[in-house]
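Remarks on the overall topology
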Amino acid sequence: MARPYIPGPKQFVFAAGDGKDRQVSVGAPQEAYVQFSAFFRERESATYTIEDVSASQRLALMPGQGVIARFDVADPHRSEYLKVDRANRYMPSAMLFFENGYAGLDHFGQWFTDLADLDATPEARGAARAATITTEAAAIEAVARIWANSGIVDPSDQFYVFFDSHDADDDRAERAELLTLIEFLGLERVDTPAEAADGEVWVRTETRLDVAYERWS
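Predicted model only: the values in this text are computed from it and were never measured.

**Examining the sheet that holds strand β8 (residues 152-153)**
Read from one edge of the open sheet, four strands run β8-β9-β11-β10, paired in antiparallel fashion. Among the strands making up the open sheet, the edge pair consists of β8 and β10 (189-190). Packed on one face of the sheet, helix α4 (residues 136-150) meets β8 and β9 (159-162) and runs near 70 degrees to β9. Taken strand by strand, helix α5 (residues 172-185) contacts β9, β10 and β11 (201-204), and its axis lies near 25 degrees from that of β11.

Below, the structure written as structure tokens:
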């Protein structure tokens, strides 16, 4: 369970563009999440925003566009955008924001600084994301993030299974990123078993990844 805010309480403002903004004062991230969940369920909007007043940070959930955006208005100003392929991604992003603010979403997915980049195909987005990763350490962390979201270790302990039980139409951008990083790291990709889902990617286990996975467990 997330630790209480120290110092606390912490103030957030929830908005949905209907003029009925809600300011809350909460002592812990879970309390903030419960309050925002109620706010989210009570209305239908193309955009919902969460503003952390003291940190000058903001999270925008935009189901109307299939996008999540995060903003840090401190100096220097930062803003990044994430394409959302599944509706169940919105609320977990809110919880991460309540726990650790802007930085809490660093590993949540493929962030881009230009909203227009999200108009590219999933495969192009994945390739573009992978192209920004130029060191082995960063590549291993990116692979570990993808695995932590949807991966398992095969019962034989010989293979990592990415996108466990997922169809090929799921996770296209992250699959494209992963395939590029597998090649970059020189990992051994193996044939997917006949009984596996067609979206799965199987890779032989390796010590470099074992160490990274432990940090994500």
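**Notes on the packing of helix α1 (residues 29-41) against helix α2 (residues 90-100)**
Viewed as axis vectors pointing N to C, α1 and α2 meet at an angle of 145 degrees, and their least axial separation amounts to 9 Å. The hand of the α1/α2 crossing is right-handed. Of α2, the residues touching α1 (which contributes P29, Q30, A32, Y33, F36, S37 and F40) are M91, A94, M95, F98 and E99. Residues belonging to the contact of α1 with α2 are distributed by class as follows: nine nonpolar, two polar and one charged.

**Points about the environment of R3**
As for its placement among the helices and strands, R3 is situated in the segment before β1 (10-15). By relative accessible area, R3 is classed as exposed at 73%. Residues R3 and F184, spaced 181 residues apart in sequence, show a C-alpha to C-alpha distance of 38 Å. Once residues within four sequence positions are removed from consideration, R3 is found in contact with A28 and P29.

Thresholds applied
- Residues numbered from 1 in each chain as written.
- Predicted model: local features only at pLDDT ≥ 70, side-chain atom pairs only at ≥ 80, totals over all residues.
- Heavy atoms only, no water.
- Pairing = 2+ DSSP bridges.
- Helix = DSSP H or I, 4+ residues; strand = E, 2+ residues; numbered from the N terminus.
- Contact = heavy atoms within 4.5 Å.
- Axes fitted to C-alpha atoms, helices over the stretch in contact; angles between N-to-C directions.
- Left-handed = near helix turned anticlockwise from the far one by under 90°.
- Nonpolar A, V, L, I, M, F, W, Y, C, P; charged D, E, K, R; others polar.
- Buried < 20%, exposed > 50% of the residue type's maximum accessible area, 1.4 Å probe, protein only.

Honestly, that's just the spatial picture; any functional story needs more than this.
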